[in-house]
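Listed below, chain by chain, are the residues.
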Amino acid sequence: MECVVQGIIETQYVEALEILLQGLCGVNRERLRVHEICLKSGPNLGFVTSEVRLLCDLEQSEPTWTVKHVGGAMRGAGAEQISVLVRSMVESKASKNVLRLFYSLGYKLDHELLRVGFTFHFERAAQMTVTVSSVNKMLKLHATDEAVPVTPGIQMVEVTAPATSENYNEVVASVSSFCEYLAPLLHLSKPGVSTGVVPTAAAAAASLMSDGGGTTL
Amino acid sequence: MSVVYCHIFRRLISYNPYRKKSTTMPLKRVFFWQPNAGSTVNSQILNEVSQCVESINGVKEGRWKATLTFYKPMLRDQALSAEFPREFIGISLPEQPNKYYFVLRFNKIVLESDSSIQLIMEKLQSYKSRVALNFEGFQYQLGDFQLRVGKVVPSHSENLRGIVMEVEYLPISSLEKSKQIMEEFFDIWQDAISKRSLPGRFIHIEPDFSDYGLADHYTSQHTAVQYTHVTSQLIASVQAVQTGRN
């Protein structure tokens, strides 16, 4: 299970966001270059269509693979009232044959992306990860060296935090609280809820860049 | 044992008195019991095999268990089943409690993953567990060798379907470099077990690991492939006996 919020930011303000995050998280950023391959079950396989993501971390000297299943969001009146998405999520590290395996099992390529940017992994009442990345599409199959941005000039920001059915309320509160610190630069909300860029981003970014994050926003 | 074999045997089991284990994965060979024509596997044979290990100074160390699961595709149209893998197998090994292995024997694919991959497969609902086999028994230390002798039983039954034996040589991870010593050990073993006049013998048929993209350096993926092949050989052996009866 995980808690998730997303937002977008103009590329020109990413440096300011990095300064802010560096101050808030207290850890160094890590570079991100992940090839995300989204597979869907073929027409006859399974009584319902299933999807699975294969993530190939290209930042490592030897690419490493992760299988990720993102499940349905928590439902109900309580879920609708909270501003953070709570959904099931399971990951598994896998050896390099994983794409071949899933193709052989009857899964087909639905789409693929290349995410390039950086992440912060830190603990702030809950374990959290902030990812800032450009989302790129490949013009040729699996050609990560020839990827182009899906939305030039815009990058995606995602905050995720692992949770359990026992503690998700606390994790939601931690994520929400953290998001408030980023509010001058960007608005974070449930995936699929479009919010656009915030009008205060330019001023906030200028402030951060002028004194390297010393100013309280 | 003959005088010559006694000499070789002493050299084998005392090759390294401090039993230095390979810093990487020590290699192993998995054997399965092939009954003679007209006979079947039974628990008495399993007992005799275990006693034979102890008679050559194998020190019993504890229990072990591996599990092999056959997965079947969930299809909307069964007529299209030929489009999907004939054998999709999942394996858990005692030496890798946080890992799970998938093998597609006919596609020559082996995958190592975290155990959580089983939960992912459950959530996908595209493949489901059809039948599971447990390989379980005792393990023994014998100088630089570790032996595991085990019965093969369906997961919800005590019906003995087969007997397996793992021979692990601890100091070396190279398949090529270990060939001679493994063969010498097996000759000693054959000499010891043959004196019990059991109706069958242990067989090892080494899979072509390179077909699976596996190198000379031994890993748990090699073990997963061996268990897959041993299981298919066991099934063929059981079917041959049943055909003989009919």
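Look up: the structure comes first, before these words.
No experiment lies behind these values; they were computed from the predicted model shown.

Chemist: Got a sec to walk through the interface of chain A and chain B? Specific residues and values, please.
Modeler: Counting residues at the interface gives 28 residues for chain A and 31 residues for chain B. Here chain A meets chain B over a buried area of about 2,500 Å², counting both sides, of which 63% is carbon and sulfur. Across the contact surface, chain A and chain B share 0 salt bridges. At the junction of chain A with chain B, the criterion picks out 13 residue pairs in polar contact (both at pLDDT 80 or more). At the level of secondary structure, the elements contributing two or more residues to the side of chain A that touches chain B comprise strand E3 (51–57), strand E4 (64–73), strand E5 (85–94) and helix H3 (98–105) of chain A. When the residues that make up the side of chain A that touches chain B are grouped by side-chain class, the tally is 13 nonpolar, 11 polar and 4 charged.

Chemist: Provide a residue-level description of the pattern of salt bridges, including the pertinent values.
Modeler: Counting across every chain of the model gives 20 salt bridges over all chains. In this structure, Arg-87 of chain A engages Glu-2 of chain A in a salt bridge whose closest nitrogen and oxygen atoms are separated by 2.9 Å. Within this pair, whereas Arg-87 of chain A is found in strand E5, its partner Glu-2 of chain A is found in strand E1 (residues 2–10), the two being separated by 85 residues in sequence. A salt bridge links Glu-158 of chain B to Lys-151 of chain B, with the shortest nitrogen-to-oxygen separation between them at 3.2 Å. One continuous salt-bridge network, built from bridges that share partners, spans Lys-28, Glu-95, Arg-148 and Glu-166 of chain B.

What counts as what
- Residues numbered from 1 in each chain as written.
- Chains lettered and ligands numbered in written order.
- Predicted model: local features only at pLDDT ≥ 70, side-chain atom pairs only at ≥ 80, totals over all residues.
- Heavy atoms only, no water.
- Contact = heavy atoms within 4.5 Å.
- Buried area = accessible area lost by both parts, 1.4 Å probe.
- Salt bridge = Lys/Arg side-chain N within 4 Å of Asp/Glu carboxyl O.
- Polar contact = N/O pair within 3.5 Å; in protein donor to acceptor, adjacent residues only side chain to side chain.
- Helix = DSSP H or I, 4+ residues; strand = E, 2+ residues; numbered from the N terminus.
- Nonpolar A, V, L, I, M, F, W, Y, C, P; charged D, E, K, R; others polar.

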